[in-house]
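Survey of secondary and tertiary structure
As a plain string of letters, each chain reads:
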Amino acid sequence: MLKNVLRFVDWQNPIVLPLALLAYRPVRNGDGIARELSTGLVLTLAAMFLLMPYQGHGWGYRDLHGLIGSLSLLAGYGWIALSARTRRNEMAASWIIIVIGSAVAWLVLLPAHAKQASDFVMPYVRAADAIGHTATDLVVIDTSGLLFAGDLVRNDPFLRNRQKVLDLTLLDEANLADLCTRYSISMFDRRQGLAFDISPNDEQTKFDDDVRAAMARLSCGVDMAVSANNDTRF
C-alpha cells in the first residue's frame, strides 16, 4: 500500500500533496466538505488494504483515480488556509512555488510518465501484433514465467478476429484433443515473450507440463517463431 500511495502522489502535481496536508485545520474544524473529502480518501485506502493491496499494473494508483478530484479540492482548502495566515510578501513566494511545481509537472513529470507508459506497453503491443499475424487458426498463450502475459489473451467480443487467442492454463487434454483435430495451433510462451522484451516473472504460475505433454503426443501445435528484431516469421 505504501507503493500504491507513492505511485499515486508521483503522478500528481508535486505541490498538491503539501497543500492537501495544509488542509488539516479545515478537516479538523469541519469546514465545508474538507472532512468528507479526506474521509473518502482514508476509507478507500483502508478498504483496498483489506480487499486488494496489490493493484497489478496501472498508471499511478488506479483505485484512487476517482478521488483525484478530492485530493485537488483538499489542496484548495490547504491553499486557502495558507493564504489566511501568510503575509503579502510571503504570498508572492507561494505563487512562485505554485508556478514552479506546475512547470515541473508539465515539462518533467508528464514526459517522463509518458515514456514510462510507452516503455511498459510496447513489448505487449509488438507481441499482440505478431500474434494477430500468425498463420494458424489459434494461438495458445502460456502465461507462466512472464509478467502480465495474460493480457495477451484478447479476442474480439464477437470473435471476428481470425486468430483466436486462448489461455493454456484454462485448457485440459480433452479440450486440446478437440482443438487439435479442427484447427492449426501456435504456441506463445516464455521464450517468445522474452524475445519481445516482456519481463520475466518466476513467481507466475508454473508451466502446464501436462498440457504440453498432451500436445506433444498429439503432434499438435508449433512454436510461434520470432526473429531477432522481434518480427514474426511466417
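Below is a short write-up of the structure. (Residues numbered from 1 in each chain as written. Predicted model: local features only at pLDDT ≥ 70, side-chain atom pairs only at ≥ 80, totals over all residues. Heavy atoms only, no water.)

Here we come to the overall build of the protein. For the protein, the count of helices and strands is nine helices and six strands. For the protein, the C-alpha radius of gyration of 25 Å lies well beyond 17 Å, the compact-globule estimate for 234 residues. Projected onto its principal axes, the C-alpha coordinates of the protein cover approximately 80 × 35 × 35 Å. The buried share of the protein, reckoned over its 234 residues, is 35%. Considering only intrachain contacts with a sequence separation of at least 6, the fraction spanning at least 24 residues in the protein is 78%. Accessible surface, the protein: about 14,000 Å² in total, of which carbon and sulfur atoms supply 63%. (Helix = DSSP H or I, 4+ residues; strand = E, 2+ residues; numbered from the N terminus. Rg over C-alpha atoms; globule rule 2.2 N^0.38 Å. Buried < 20%, exposed > 50% of the residue type's maximum accessible area, 1.4 Å probe, protein only. Contact = heavy atoms within 4.5 Å. Areas by Shrake-Rupley, 256 points an atom, 1.4 Å probe, with all protein chains shown as cover.)

Attention shifts here to the sheet that holds strand β3 (residues 164-167). Taken in spatial order, the four strands of this open sheet run β3-β1-β4-β6, and their pairing is parallel. Looking along the sheet, the strands with just one partner apiece sit at the ends: β3 and β6 (222-223). In the sheet, strand β4 (residues 185-188) pairs with β6 via two bridges, with the strands oriented parallel. Residue pairing in the sheet places Met187 in a bridge with Asp223 of β6. (Pairing = 2+ DSSP bridges.)

This paragraph deals with the pairing of β4. Neither face of β4 is open: one carries Ile185 and Met187, the other Ser186 and Phe188, and all of them are buried. Sheet topology places strand β1 (residues 138-141) next to β4; four bridges connect them, and they run parallel. Note on β4: the bridge partner recorded for Val140 is Met187.

Turning next to the state of the cysteines. Counted under the stated rule, the structure contains one disulfide. The disulfide bridge from Cys180 ends at Cys220, spanning 1.8 Å between sulfur atoms. Judged by the torsion about the S-S bond (-90°), the Cys180/Cys220 disulfide is left-handed. Of the two residues, Cys180 sits in helix α7 (residues 173-182) while Cys220 sits in the loop between α9 (209-217) and β6, which places them 40 residues apart along the sequence. Taken individually, Cys180 and Cys220 each receive the classification buried, so the pair is uniform in this respect. (Disulfide = S-S within 2.5 Å.)

With that settled, consider the packing of helix α5 (residues 68-84) against helix α6 (residues 88-132). The contact between α5 and α6 brings their axes to 10 Å, and the two run at 155°. Relative to α6, α5 is oriented roughly antiparallel. Helix-helix and strand crossings are classified by hand; for α5 and α6 the assignment is right-handed. Here Trp79, Leu82 and Ser83 of α5 lie close against α6, whose contacting residues are Met91, Ser94, Trp95 and Ile98. By residue class, the composition of the contact of α5 with α6 is five nonpolar, two polar and no charged. (Axes fitted to C-alpha atoms, helices over the stretch in contact; angles between N-to-C directions. Parallel < 35°, antiparallel > 145°, perpendicular 65-115°, else oblique. Left-handed = near helix turned anticlockwise from the far one by under 90°. Nonpolar A, V, L, I, M, F, W, Y, C, P; charged D, E, K, R; others polar.)

Before going further, it helps to examine the side chain of Ser94. The topology assignment puts Ser94 in helix α6. If we skip the residues at most four places from it in the chain, Ser94 touches Trp79 and Leu82.

So yeah, pure geometry; function would need other evidence.
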